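# Coordinates in review
Chain by chain, the residues run as shown.
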Amino acid sequence: MGGELTSGAAGAPPAAAPGPGGTPKAVGIVWALLGLNTLGSAGAKTVVPLPRSLIQMATMGALVAAFALALALNPRLRIRASAFLFLLTLLLVPSVIASVQPDVGFGALFRCTRLAVFVGTLWLLSHWWDGGLTFVRYHIRMYFAVLVLVAAGLVVAPGTAMPEYYGGRLVGALWPLTPPQIGQYAAIVIGLAVLLVLGRRTTAGSAAVVVVPSLVLLAMTHTRTATLGLLIGLVLAIGSLVLTSAAARRFFAWAVLCATVAAVAFSSALRAWFLRGQSQENFANLTGRAKVWDALLAEPRSTGEKVFGTGLGDKSFDGLPIDNSWLAVYDEQGLIGVVVVAALVVVIGGVALLRPPSLPRACAIFLISYCAISSYTEVGLGDASAYLLHLALAASLLVAPAPPAPLPVAEIPRRRIPRWARR
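This report concerns the structure included in the present document. Computed from a predicted model, the values in this text were never measured in an experiment. (Residues numbered from 1 in each chain as written. Predicted model: local features only at pLDDT ≥ 70, side-chain atom pairs only at ≥ 80, totals over all residues. Heavy atoms only, no water.)

Within the secondary structure layout, P321 lies in strand β2 (residues 320-321). Owing to a relative accessible area of 45%, P321 belongs among the partly exposed residues under this scheme. Taking the C-alpha atoms as reference points, P321 and V292, separated by 29 residues in sequence, lie 7.8 Å from one another. Beyond its immediate sequence surroundings of up to four residues, P321 is in contact with V292, K315 and S316. (Helix = DSSP H or I, 4+ residues; strand = E, 2+ residues; numbered from the N terminus. Buried < 20%, exposed > 50% of the residue type's maximum accessible area, 1.4 Å probe, protein only. Contact = heavy atoms within 4.5 Å.)

As a rule of thumb, soluble globular proteins bury nonpolar side chains together. Membership of the largest hydrophobic core comes to 102 residues, with the highest contact counts inside it found for W31, L34, F84, L122, L125, L192 and F366. Contact partners of F366, with chain neighbours within four places excluded, come to A187, I188, G191, L192, L195, G229, L230, G233, L234 and A237. Listed in part, the eight residues of the second largest apolar core include V292, L296, I322 and A328. (Core = buried A, V, L, I, M, F, W, Y, C linked by side-chain atoms within 4.5 Å.)

With that out of the way, let us pick up helix α14 (residues 289-298). Within α14, the full set of buried residues consists of R289, V292, W293 and L296. Take α14 and look down its axis: the buried residues cluster within an arc of 100 degrees, on one side only. Residues of α14 that are exposed and angled more than 90 degrees away from the buried face: K291, D294 and A298. Each element contacted by the buried residues of α14 is listed here: β1 (316-317), β2 and α16 (325-354). (Arc of directions from axis to C-beta.)

With respect to the secondary-structure elements, Q184 resides in helix α8 (residues 179-198). Take Q184: its relative accessible area is 4%, and that puts it in the buried class. The residues contacting Q184, other than those within four sequence positions of it, are A226, Y370, A386, Y387 and H390.

Let's shift gears to a nonpolar patch on the surface. A cluster of nonpolar residues, V47, V48, L50, L54, L149, V156 and L174, forms a patch on the protein surface that exposes about 550 Å² of accessible area. Within the secondary structure, L50 sits in the loop between α1 (26-37) and α2 (52-73). Classification of L50 by relative accessible area gives partly exposed; the value is 31%. (Patch = residues over 30% accessible without salt bridge, like charges linked within 9 Å, V, L, I, M, F, W, Y side chains within 5 Å. Areas by Shrake-Rupley, 256 points an atom, 1.4 Å probe, with all protein chains shown as cover. Salt bridge = Lys/Arg side-chain N within 4 Å of Asp/Glu carboxyl O.)

Take the packing of aromatic side chains next. Evaluation of the coordinates by the stated rule reveals six aromatic pairs. Pairing F135 with Y138 gives two aromatic rings, centres 5.5 Å apart and planes at 80 degrees, and the pair type is edge-to-face. Taken as a pair, F135 and Y138 lie in helix α6 (residues 134-156) at a separation of three residues, close to a single helical turn. Each member of the pair, F135 as well as Y138, is classed as buried. (Phe/Tyr/Trp six-rings, centres within 6.5 Å; stacked < 30°, edge-to-face > 60°.)

Moving on, we come to unusual backbone geometry. A positive phi is found at H222, a non-glycine position, where the angle reads about 55 degrees. Mapped onto the elements, H222 comes out in the loop between α9 (204-221) and α10 (224-239). Not every positive phi belongs to a glycine, and D318 is a case in point at roughly 55 degrees. Checked against the element boundaries, D318 lands in the loop between β1 and β2. The exposure class of D318 is exposed, given its relative accessible area of 67%.

A word on the packing of α8 against α9. Packing of α8 against α9 brings their axes to within 8 Å, and their N-to-C directions diverge by 150 degrees. As far as their axial angle goes, α9 and α8 are roughly antiparallel. Where α8 crosses over α9, the two elements pack in a sense that is left-handed. Side by side, α8 and α9 meet where P179, I182, G183, A186, V189, I190, A193, V194 and V197 of the first sit next to A207, V210, V211, S214, L215, L218 and T221 of the second. Each residue belonging to the contact of α8 with α9 can be placed in one class, and the counts come to 13 nonpolar, three polar and no charged. (Axes fitted to C-alpha atoms, helices over the stretch in contact; angles between N-to-C directions. Parallel < 35°, antiparallel > 145°, perpendicular 65-115°, else oblique. Left-handed = near helix turned anticlockwise from the far one by under 90°. Nonpolar A, V, L, I, M, F, W, Y, C, P; charged D, E, K, R; others polar.)

So, in structure tokens, the structure goes:
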């Protein structure tokens, strides 16, 4: 079925062998380990209860292994200049200043160390950022593997995978994953796979193997943020290709037609799915999120806490999840953190708009749009998370390729002239 997106390389050469575009295949392992680190340790109940300490050891071990392997692959510390990574490194400043306060606790310093190692690993990988699609394929394979694990949990224990305490929404039964996480991974996989098909970088059959099951899992999570992020992100990404790609124009026209028919024919069903059985009032205050946001903003803070924040934490306020990246950054890294994260998003978005139309640019626009939309009801822009990994992928796609090395010019041998002729 053309496993160009998902299949591994059976009988492949050693991990350090060069992959597409001269990138060592072990770089894909480093990227997968970074993804494993961002899966988190808190979520739904699993079939076999996994101690949180064991999960944290696995995720942190993956981050340490990723950094060590990246350092082994890049021992000369060759890095590529990146405004994205510079701003991400700058974000460590308010994080450390707020986390070293005596009353903050050891957990904040631990999270700062995690963020520093995460950013350091991205710096080491930047040596292979060339504006190509190699890391896009790594990204799809990594998150599709997570979705396969979710689907396996659904088959093994459907009751555990769709519990009542989550309103019957799909969760991770083998690894503790929440519905928003699964929805996010499915949306990212679907969007990138569709763009690869439109850019003729993979076959329709290979993409269908990835897209169809991911769509089913996304629908089972009932995740509105991921669905809206997928739709709006694809509209913007495909719109950037409309002037240069006939396939994008055809897909866009058919998508608009199908969406219009579905909106008319299944309006009541779509509305019921979107509301998830909630009342209009509960939906209006974003399932209680607005109350937490108002309380967080009304909390008295000292000048230092307003400027530098209260230190990296678990993205909660009074025991309730914040569920907003900008307010979480304000709470933990202060106004300086908000300015740095805003500059990060604006810079990478501006670079995407200035690049000429291309498939890598379209993929970057999709990722940036998705992260910007999700930041309203999800956290992660200020700490090591899947959202920062999405933006790092976008940054790798926007790197201007290095100019080709000049071809060596063969030196013309000098003809020996006899001494009598030189006279």
